[in-house]
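# Structural characterization, general
Read off the chains here:
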Amino acid sequence: PAPRRLNSGLPMNIGVLFVPQQEAWVVERMGKFHRILEPGLNFLIPLLDRIRYVQSLKEIVINVPEQSAVTLDNVTLQIDGVLYLRVLDPYKASYGVEDPEYAVTQLAQTTMRSELGKLSLDRVFRERESLNANIVDAINQASDCWGIRCLRYEIKDIHVPPRVKESMQMQVEAERRKRAMVLESEGTRESAINVAEGQKQAQILASEAEKAEQINKAAGEANAMLVKARAKAEAIQLLAAALAQAPASLSVAEQYVSAFSKLAKDSNTLLLPANTGD
């Protein structure tokens, strides 16, 4: 049986009554509903007025007993939960249903079985929040005429048959091995890519170094040739400047005449230049 709501019981009508906070007392006059007493001081007519119901306006916690439910893939589960209620309309809670707590508990159980039948076993564990929300919506649609509002519903435990649990464990282990193999293969691939990238970078750096060396060597040879050419040009310019002077020209002319006079002394063959008179 569902637990009863906590209240102060049905008090006797002594004419002057003090209603505790968060409680609503339903008064009947000569067997007919008269009014609802608010917290604080209230006055009633003895013998005519009677306090028929005492409704607690606090939030109520009800344990939903464990029950069997079959999922979409024909797996039988044992599920229990916790239901949180609150009385919003004391009149409807008193006259709308005989036992509001029991009615809401039964409605929660039937709704839970109906919602679980729409889901597979894997989705039951993944969509617990949506399952709780669907159960709350279904309960509120039916309990509105009872003056009770379902605030939330929480599934406590889900018991799976032993064989199904073993198969789930095997599936989990297989998934873990699969992820481990995938991670290992990805690590091997990343390692090979890193090695190839390293070799590529090394070859690029080596070719760039060789290229820079050849460029530097060519630049050095070009600079050396340029320096030699400049030195030779400067030497020629200095020699030409020296020959352009008169004493130097006279000395060269004297040596020319002296050499020309010795042409026929050593051999009978004589070669004369065309410009002998120069």
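Residues numbered from 1 in each chain as written. Predicted model: local features only at pLDDT ≥ 70, side-chain atom pairs only at ≥ 80, totals over all residues. Heavy atoms only, no water.

Named according to an unreviewed UniProt entry, the chain is Stomatin-like protein 2, mitochondrial originating from Antrostomus carolinensis. Here the chain is described in UniProt, under the heading Subcellular location (unreviewed entry), as follows: "Mitochondrion inner membrane". Under the Sequence similarities (unreviewed entry) heading, UniProt states for the chain: "Belongs to the band 7/mec-2 family." (UniProt positions renumbered as here; feature names shortened; annotations may be inferred.)

Moving on, we get to the overall build of the chain. Helices and strands together make up the secondary structure of the chain, namely six helices and eight strands. Going from N to C terminus, the chain has its helices and strands arranged as β-β-β-β-β-β-β-α-α-α-α-β-α-α. Counting all 278 residues of the chain, 26% fall into the buried class. Long-range pairs, those at least 24 residues apart, make up 63% of the contacts in the chain with a sequence separation of at least 6. A total accessible area of about 19300 Å² is found for the chain, and carbon and sulfur atoms account for 56% of it. (Helix = DSSP H or I, 4+ residues; strand = E, 2+ residues; numbered from the N terminus. Buried < 20%, exposed > 50% of the residue type's maximum accessible area, 1.4 Å probe, protein only. Contact = heavy atoms within 4.5 Å. Areas by Shrake-Rupley, 256 points an atom, 1.4 Å probe, with all protein chains shown as cover.)

The next thing to look at is the packing of helix 2 (residues 100-116) against helix 4 (residues 128-143). At a minimum axis separation of 9 Å, helix 2 and helix 4 run at an interaxial angle of 135°. As judged from the angle between their axes, helix 2 and helix 4 are oblique. In this structure, helix 2 crosses over helix 4, and the sense of that crossing is right-handed. Residue-level contacts link Val104, Leu107, Ala108, Thr111, Met112, Glu115 and Leu116 of helix 2 to Leu131, Asn134, Ile135, Ala138, Ile139 and Ala142 of helix 4. Class assignment for the residues of the contact of helix 2 with helix 4 results in ten nonpolar, two polar and one charged. (Axes fitted to C-alpha atoms, helices over the stretch in contact; angles between N-to-C directions. Parallel < 35°, antiparallel > 145°, perpendicular 65-115°, else oblique. Left-handed = near helix turned anticlockwise from the far one by under 90°. Nonpolar A, V, L, I, M, F, W, Y, C, P; charged D, E, K, R; others polar.)

Before going further, it helps to spend a moment on the sheet that holds strand 7 (residues 76-87). The strand order 6-7-8 describes an open sheet built from three strands, whose pairing is antiparallel. Each edge of the open sheet carries a strand with a single partner, namely strand 6 (60-70) and strand 8 (148-159). The sheet shows a mean angle of 25° between the axes of neighbouring strands, taken without regard to direction. Contacts from helix 2 reach strand 6, strand 7 and strand 8 within the one sheet, and its direction differs from that of strand 6 by about 35°. Against the sheet, helix 4 makes contact with strand 7 and strand 8, and its axis sits at roughly 140° relative to strand 8, the strand it touches most. (Pairing = 2+ DSSP bridges.)

Along the chain, Ser143 turns up in helix 4. Within the local environment of Ser143, its side chain forms a polar contact with the backbone oxygen of Ile148, the two atoms lying 3.1 Å apart. (Polar contact = N/O pair within 3.5 Å; in protein donor to acceptor, adjacent residues only side chain to side chain.)

A few words on the sheet that holds strand 5 (residues 49-56). Read from one edge to the other, the open sheet built from three strands follows the order 3-2-5, with strand pairing classed as antiparallel. Both outer strands of the open sheet, strand 3 (32-37) and strand 5, are each paired with one neighbouring strand and no more. In this sheet, adjacent strand axes meet at a mean angle of 25° when their direction is disregarded. Of the pairings in the sheet, the one linking strand 2 (residues 23-29) to strand 3 comprises five bridges and is antiparallel in character. Bridge pairing links Glu28 to Phe33 in strand 3.

Below, the discussion takes up the side chain of Glu115. Within the secondary structure, Glu115 is located in helix 2. Sequence-distant contacts of Glu115, defined by excluding residues within four places in its chain, comprise Leu131, Asn134 and Ile135.

An ideal rise of 1.5 Å per residue puts 22 Å on 16 residues; helix 4 measures up with 22 Å between its terminal C-alpha atoms. Every buried residue of helix 4 is listed here: Leu131, Asn132, Ile135, Val136, Ile139, Asn140 and Ser143. All buried residues of helix 4 fall inside an arc of 165° around its axis, so they share one side. Where helix 4 is buried, its residues contact strand 7, helix 2 and strand 8. (Expected span 1.5 Å × (residues − 1). Arc of directions from axis to C-beta.)

Turning next to the environment of Phe33. When you line up the elements, Phe33 lands in strand 3. For Phe33 and Asp49, which are 16 residues apart along the polypeptide, the C-alpha to C-alpha distance reads 9.6 Å. Not counting residues within four places of it along the chain, the set of residues in contact with Phe33 comprises Val26, Val27, Glu28, Tyr91 and Tyr95.

The next point concerns a nonpolar patch on the surface. A grouping of Val16, Phe18, Leu41 and Phe43 is seen on the molecular surface, where their side chains present a nonpolar patch of about 440 Å² in accessible area. Elements supplying a minimum of two residues to the nonpolar patch: strand 1 (16-19) and strand 4 (40-43). With respect to the helices and strands, the residue Phe43 is situated in strand 4. Residue class for Phe43 comes out exposed when judged on its relative accessible area of 54%. (Patch = residues over 30% accessible without salt bridge, like charges linked within 9 Å, V, L, I, M, F, W, Y side chains within 5 Å. Salt bridge = Lys/Arg side-chain N within 4 Å of Asp/Glu carboxyl O.)

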